[in-house]
Amino acid sequence: SVYGSHAWHAFPAKFPPQLPRLFIENLTGPGDIVLDPMMGSGTTLLEAVSLKRRALGCDIDPLALRMGAVKLLPVAVQEASALGNRLLEEAAKRLSLRAHEIDRWLERRFDPPSRAFVEYWFHRDTQKELAALMMGIEEMDDGALRYFFGLVFSAIIITKSGGVSLARDLA
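Report follows, based on the coordinates. Everything numeric in this text was worked out from a predicted model, so none of it was measured. (Residues numbered from 1 in each chain as written. Predicted model: local features only at pLDDT ≥ 70, side-chain atom pairs only at ≥ 80, totals over all residues. Heavy atoms only, no water.)

Focus: helix H3 (residues 43-50)
Alright, step 1. Here H3 lies mainly inside the structure; six of its eight residues are buried.
Alright, step 2. For H3, every residue scored as buried is listed here: Thr43, Thr44, Leu45, Leu46, Glu47 and Ala48.
Alright, step 3. Immediately beyond the C-terminal end of H3, within one or two residues, lies lysine 52, with a positive phi of roughly 65 degrees. (Buried < 20%, exposed > 50% of the residue type's maximum accessible area, 1.4 Å probe, protein only. Helix = DSSP H or I, 4+ residues; strand = E, 2+ residues; numbered from the N terminus.)

Next comes the structure, spelled out in structure tokens:
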């Protein structure tokens, strides 16, 4: 359902989807343009499209832009699921057979301040697992699916659980 995609990624101060839906239904008609000048996680845009309105949104937050774009991408669920499973299998192979490539990728990927940040938040084994996933995502030919899985990857990072981090201040 449309409401399921609202929960794809954590984002502060999300609208409950029913709120913009109520205003869109009562103040606009099919084919009208709904503008959201601070679109955040894209809730209003997604509701507008689901109600057959044209949606236009902007934001200065790069995560907000990615979330809005991905939520509005026409991605086939079965195709994405199969590709996601393949991505996990390839990441597992990469971890077991090409670990040296992952180590080199991690060292080249980050400048010293970013490396310190990553080291603080993630155990080395977790870094390698995440790197193996990101390497697979970056190799995807289909730009829409690469963008989609980039957001999925971000959601993994944002909602990580305790036990994978050296940090003491996990929520």
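Regarding the nonpolar core
Alright, step 1. Residues Leu87, Ile102, Trp105, Ile137, Phe149 and Phe153 are the most contacted members of the largest nonpolar core, which totals 27 residues.
Alright, step 2. Elements with a contribution of two residues or more to this core: helix H4 (62-72), helix H5 (77-97), helix H6 (99-109), helix H7 (112-121), helix H8 (124-138) and helix H9 (143-158).
Alright, step 3. Tallying contributions element by element places H8 first for this core, with seven residues. (Core = buried A, V, L, I, M, F, W, Y, C linked by side-chain atoms within 4.5 Å.)

Concerning the pairing of strand S2 (residues 54-57)
Alright, step 1. Pairing geometry for strand S1 (residues 33-36) and S2, over four bridges, is parallel. Bridge pairing in S2 places leucine 35 opposite leucine 56.
Alright, step 2. Chirality of the crossover, the property in question, places the unit of S1, H3 and S2 among those that are right-handed. (Pairing = 2+ DSSP bridges. Right-handed = clockwise from strand over helix to strand, strands pointing away.)

Focus: a nonpolar patch on the surface
Alright, step 1. Judged by side-chain polarity, Phe15, Leu19, Phe23 and Leu27 come together as a nonpolar surface patch covering roughly 430 Å² of accessible area.
Alright, step 2. Checked against the element boundaries, phenylalanine 23 lands in helix H2 (residues 18-27).
Alright, step 3. For phenylalanine 23, a relative accessible area of 48% puts it in the partly exposed group. (Patch = residues over 30% accessible without salt bridge, like charges linked within 9 Å, V, L, I, M, F, W, Y side chains within 5 Å. Areas by Shrake-Rupley, 256 points an atom, 1.4 Å probe, with all protein chains shown as cover. Salt bridge = Lys/Arg side-chain N within 4 Å of Asp/Glu carboxyl O.)

Remarks on the environment of proline 62
Alright, step 1. Here proline 62 shows up in helix H4.
Alright, step 2. Each C-alpha atom of the pair proline 62 and glycine 40 lies 9.7 Å from the other, and the pair is 22 residues apart in sequence.

Digging into the pattern of salt bridges
Alright, step 1. On inspection of all chains with the given rule, the structure shows ten salt bridges.
Alright, step 2. Between glutamate 107 and arginine 124 there is a salt bridge; the shortest N-O distance is 3.4 Å. Note that glutamate 107 is positioned in helix H6 and arginine 124 in helix H8, a separation of 17 residues in sequence.
Alright, step 3. Glutamate 107 gets classed as partly exposed once you look at its relative accessible area, which sits at 46%.
Alright, step 4. A residue is classified by how much of its surface remains accessible, and arginine 124, at 28% relative accessible area, is partly exposed.
Alright, step 5. Taking the shortest distance from any N to any O, the salt bridge between glutamate 119 and arginine 124 comes out at 3.7 Å.
Alright, step 6. Residues joined by salt bridges that share partners form a network here, namely Asp103, Glu107, Arg115, Glu119, Arg124 and Lys128.

As for the packing of H2 against H3
A pair of packed helices is captured by two measures, namely the crossing angle of their axes and the spacing between those axes.
Alright, step 1. Packing of H2 against H3 leaves a shortest axis separation of 9 Å and a crossing angle of 45 degrees. The pairing of H2 with H3 is recorded here as oblique in orientation. As for how H2 packs across H3, the hand of that crossing is right-handed. Facing H2, whose interface residues are Pro20, Arg21 and Ile24, H3 presents Thr43, Thr44, Glu47, Ala48 and Ser50. (Axes fitted to C-alpha atoms, helices over the stretch in contact; angles between N-to-C directions. Parallel < 35°, antiparallel > 145°, perpendicular 65-115°, else oblique. Left-handed = near helix turned anticlockwise from the far one by under 90°. Contact = heavy atoms within 4.5 Å.)

All we've got here are geometric facts, nothing functional implied.
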